[in-house]
Amino acid sequence: MSYILARTGRHRQRYENNVRLVSGCIPYRLRKEDEEEKDDLENRIEVVMVSSPNRTDLVFPKGGWEDDETVYEAACREAIEEAGVKGNLREVPLGVWHFKSKSRQDPCTLEGGCKGFMFALEVTEELESWPEQANRNRKWLNVKDAFEFCRYEWMREALEIFLGVIAEDKKPEMKEEIVEVSSVPVPVPEVVAECAILSSNCCATPVNGQHNGVISFPWQIPLRNCH
């Protein structure tokens, strides 16, 4: 039985111009390489997806970003609540996407609009029980299968960008800082700065004209060690 309680309700939910702010992540691990897979990083990557309540599709852990936590803490919290995993969150986001809540898919209305911030999380611990275990199953998938399970285009785009980020990180000359983030939220000032320009068709806008799909944040928030 899980001793961590999932947050419920939306009384602390952040909104921006009536659009719900969401934070999530792609949890992953690397299988140990053998001689045949030495240069085949994609086949060594496994990602976590979770089932949706009362649905057959799989999704990456994500949920509402609340007003007493940073966007990083929200992503870590959702990974624990929905997938039962902890780890190291990469501070640089994969991107930001606009999409509709699964219960509000009518493109002709603004209702159910979400603005999602997605990160990569290297899993270091799998919990035997987690808050939403009764409603969500955790599934490890190779990248090829994960693409097949992505129901929405924005999820496939996030996964593609994720692969590029991991590949760059594994290059000896390209070292990306990894930060540990506390899963316990702490009060922070309301964020008023806007991120880089977002497109309306669920695509992340490249920074500095480079087609790397990574969007930088214009603010700096101190991070603390978790555990």
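Residues numbered from 1 in each chain as written. Predicted model: local features only at pLDDT ≥ 70, side-chain atom pairs only at ≥ 80, totals over all residues. Heavy atoms only, no water.

- You'll find the chain entered in an unreviewed UniProt entry as Nudix hydrolase domain-containing protein, with Manihot esculenta given as the organism.
- Heading Cofactor (unreviewed entry) of the UniProt record for the chain holds this comment: "Mg(2+)". (UniProt positions renumbered as here; feature names shortened; annotations may be inferred.)

1. Remarks on the environment of Arg 14
Then comes step 1: By secondary structure assignment, the location of Arg 14 is in the segment before β1 (15-16).
Then comes step 2: As a C-alpha pair, Arg 14 and Trp 65 span 51 residues in sequence and 5.9 Å in three-dimensional space.
Then comes step 3: Only 3.0 Å separates the side chain of Arg 14 from the backbone oxygen of Glu 66, close enough to count as a polar contact. (Helix = DSSP H or I, 4+ residues; strand = E, 2+ residues; numbered from the N terminus. Polar contact = N/O pair within 3.5 Å; in protein donor to acceptor, adjacent residues only side chain to side chain.)

2. Points about the nonpolar core
Then comes step 1: Of all hydrophobic cores here, the largest spans 50 residues; its most connected members are Ile 26, Ile 45, Phe 60 and Phe 162.
Then comes step 2: Considering each element in turn, this core owes the most residues, nine residues, to helix α4 (residues 153-169).
Then comes step 3: Residues contacting Phe 162, with those up to four places away along its chain left out, are Ile 26, Tyr 28, Ile 45, Val 47, Leu 94 and Ala 120. (Core = buried A, V, L, I, M, F, W, Y, C linked by side-chain atoms within 4.5 Å. Buried < 20%, exposed > 50% of the residue type's maximum accessible area, 1.4 Å probe, protein only. Contact = heavy atoms within 4.5 Å.)

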